[in-house]
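Reading the structure
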Amino acid sequence: MKELRIIGVPSDLGQGRRGVDMGPSAIRYAGLEERLKDLGYRVQDLGNVEVPTPEMHRVTNEKLKYLNEVRKVCESLYEQVRQVMEAGHVPIILGGDHSISIGSVAGVAAGQRSFGVIWFDAHGDMNTEETTPSGNIHGMPLAVNVGYGHPDLLNIGGFTPKVKPENVVLVGIRSIDRDEAALIRQAGIKAYTMAEIDQLGMAAVMKEAIQIAGSGTDGIHLSLDLDALDPMFAPGVGTPVNGGVTYREGHLAMELLAASGKVISVDVVEVNPILDEKNRTAQMAVELVQSLFGKTVM
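Reference entry: report on the structure contained in this document.

Reading the values: the criteria
Residues numbered from 1 in each chain as written. Predicted model: local features only at pLDDT ≥ 70, side-chain atom pairs only at ≥ 80, totals over all residues. Heavy atoms only, no water. Axes fitted to C-alpha atoms, helices over the stretch in contact; angles between N-to-C directions. Helix = DSSP H or I, 4+ residues; strand = E, 2+ residues; numbered from the N terminus. Contact = heavy atoms within 4.5 Å. Nonpolar A, V, L, I, M, F, W, Y, C, P; charged D, E, K, R; others polar. Buried < 20%, exposed > 50% of the residue type's maximum accessible area, 1.4 Å probe, protein only. Pairing = 2+ DSSP bridges. Right-handed = clockwise from strand over helix to strand, strands pointing away. Phe/Tyr/Trp six-rings, centres within 6.5 Å; stacked < 30°, edge-to-face > 60°. Lys NZ or Arg CZ within 6 Å of the ring centre and 35° of its normal.

1. Regarding the packing of helix α10 (residues 247–260) against helix α11 (residues 280–292)
Relative to each other, α10 and α11 sit at 30 degrees, their axes nearing to 7 Å. Residues Tyr247, Gly250, His251, Met254, Glu255, Leu257 and Ala258 of α10 pack against Met284, Glu287, Leu288, Ser291 and Leu292 of α11. When its residues are assigned to classes, the contact of α10 with α11 shows 7 nonpolar, 3 polar and 2 charged.

The structure is reproduced here in structure tokens:
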């Protein structure tokens, strides 16, 4: 059984609403380490990547807010994830906003060059400096990881792209900008909207997603944005969108990933305790990670 390493990234530099920097603490408070140890894993918490406070820095580009600060955080995370992967362990990265996935996926790519990505999210995260309506980098990480974006973000780790678009799958999307949708199609990324999940069922969608991300690769990185879930189950996120993945659909997705035996790394992002109700969203995150690492009813 592989050993697990927890890395916190308390960053809200890529997000427009404050509070997501407290996500790692909320997930830890919800008992992540203890629950994983209960499943029989050896777990070590490596603490947090150092993240600057937004108030200490000025936005110099409204289309790429806090670019230098986000780059530095992602470079630090890249290095930590790379070391964990090279040691043969499984990194569990706790955000923080979704911009941190630029660093986590880069680290996975350095230690595991052949891999796929399942991006569990209400949004496409495929904006660029040219298409972004907000300038928030948390709307850009998937684009960066497949090779579209600012050179400062693309070149983290010294190589780009980090993952082949044909091995990337979006699951749960229901809020996509028009230009973003065009880039998803241009890149050749498979995307399952909530309408398709309704029509096909989560089991069929995840089996296809695992096939796409796992075909010809040595493993799968899961990027788990809690806003993929319906706000009824995960209210503490910065950009909630109604009509999302249900509690049981979320667990089924994780259970199928666990059964595949292909998961090599995961980041868990966008938990915002300020917007939450009694830490429900962090608790949901912990429960989903438990299912991802093999918890079953029987």
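2. A short note on the pairing of strand β5 (residues 168–173)
Counting buried positions along β5 yields 6 of 6 residues, so the element is predominantly enclosed. Across 4 bridges, strand β4 (residues 116–120) lies against β5 in parallel orientation. The residue bridging Ile118 from the neighbouring strand is Val169, located in β5. Relative to strand β6 (residues 190–193), β5 runs parallel, the two being bridged by 4 bridges. Among the inter-strand pairings, Ile173 is bridged to a residue of β6, identified as Thr193. Of the crossover connections in this fold, the one passing from β5 over helix α7 (residues 178–187) to the parallel β6 is right-handed.

3. Quick word on unusual backbone geometry
The step from Gly95 to Gly96 runs through a cis peptide bond, and the omega angle for that step is 15 degrees. On the secondary structure map, Gly96 appears in the loop between β3 (90–95) and α4 (101–111). Along the chain, Thr160 connects to Pro161 via a cis peptide bond; the corresponding omega equals -5 degrees. Position of Pro161 among the secondary structure elements: in the loop between α6 (151–154) and β5. Positive phi, close to 55 degrees, is recorded for Asp125, a residue that is not glycine. By relative accessible area, which is 5% here, Asp125 ends up buried. Positioned with a positive phi, Asn279 is a non-glycine residue whose angle comes to about 65 degrees. When its relative accessible area of 15% is taken as the criterion, Asn279 is described as buried.

4. Considering the packing of aromatic side chains
Throughout the structure, instances matching the rule amount to 2 aromatic pairs. Ring centres of Tyr41 and Phe293 lie 5.7 Å apart, and the angle between their planes is 85 degrees; on these two criteria the pair is classed as edge-to-face. Of this pair, Tyr41 sits in the loop between α2 (32–38) and β2 (43–48) while Phe293 sits in the segment after α11, placing them 252 residues apart in sequence. By relative accessible area, which is 15% here, Tyr41 ends up buried. An angle of 50 degrees between the planes, with centres 6.4 Å apart, marks the rings of Phe233 and Tyr247 as tilted. Highlighted residues: Phe233 in the loop between β7 (220–225) and α10 and Tyr247 in helix α10, separated in sequence by 14 residues. Of note, Lys162 hangs over the ring of Phe159, and the distance from its end group to the ring centre comes to 4.9 Å. The positively charged end of Lys190 is found above the aromatic ring belonging to Tyr192, 5.0 Å away from the centroid.

5. Things to note about the environment of Met140
Following the sequence through the fold, Met140 ends up in the loop between β4 and α5 (141–145). Of the residues examined, Met140 reaches a relative accessible area of 2% and is grouped as buried. It is 28 Å that separates the C-alpha atoms of Met140 and Ala204, two residues lying 64 residues apart in sequence. Setting aside chain neighbours within four positions, we find Met140 in contact with Lys63, Leu64, Asp125, Asn127, Thr128, Glu129, Thr132 and Gly135.

Any functional reading would require information beyond the geometric quantities listed.
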